[in-house]
Amino acid sequence: MTLGVHETLELHELMAFKSLCLTKSSTMSGMVEDNELKNLLTQDVTQTKNHIQTLQQFVPRKGQ
């Protein structure tokens, strides 16, 4: 599978956004005191890590 230049750029932008979301959720989960909100943020961290791993499968490798 070969991605176009614009698709590769979009993929990198999406991964950057997901990484920012992961950082924010991780940081905020350490600050909140409400257990329900903390659980939601923890779930978001787990799901976002999975999303990033899935997206990484589509990142073109050098030499391909």
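For clarity, every value in this text was computed on a predicted model and none was experimentally measured.

Details of the overall build of the chain
The secondary structure content of the chain amounts to 2 helices and 0 strands. Rg of the C-alpha trace for the chain: 15 Å, well past the compact-globule value of 11 Å for 64 residues, more than 25% over. Scored against the burial criterion, the 64 residues of the chain give a buried share of 20%. Entry remark: accessible area of the chain is about 5,200 Å², with carbon and sulfur atoms responsible for 57%. Distance between charge centroids for the chain: 10 Å, based on 6 positive and 7 negative side chains.

Side note on helix H1 (residues 5–29)
An ideal rise of 1.5 Å per residue puts 36 Å on 25 residues; H1 measures up with 36 Å between its terminal C-alpha atoms. Within the sequence span of H1, burial applies to Thr8, Leu11, Met15, Leu22, Ser25 and Ser29. Where H1 is buried, its residues touch helix H2 (35–56).

What counts and what doesn't
Residue positions within a chain follow its written sequence, with the count starting from 1. Under the rules for a predicted model, residues below a pLDDT of 70 receive no local features and side-chain atom pairs below 80 are neither given nor counted, while totals for whole chains, interfaces and linings still include all residues. Calculated side-chain values reflect all of the structure's heavy atoms, with hydrogen atoms and water omitted. Only DSSP runs of H or I covering at least 4 residues are called helices, and only runs of E covering at least 2 are called strands; the numbering of each starts at the N terminus. Put simply, the radius of gyration uses C-alpha atoms, and a globule should come to 2.2 Å times the residue count raised to 0.38. Working definition: with a 1.4 Å probe on protein chains only, accessible area under 20% of the residue-type maximum means buried, over 50% means exposed, and in between means partly exposed. What sets the accessible areas is the Shrake-Rupley method with a 1.4 Å probe; for residues, cover comes only from the shown protein chains. Asp and Glu are treated as the negative residues and Lys and Arg as the positive ones, with His and the ends of the chain left uncounted. For the purpose of locating charges, the reference atoms are NZ of Lys, CZ of Arg, CG of Asp and CD of Glu. Helices are assigned an expected span. That span is 1.5 Å times one less than the residue count. For this analysis, residues touch if any pair of their heavy atoms sits within 4.5 Å.

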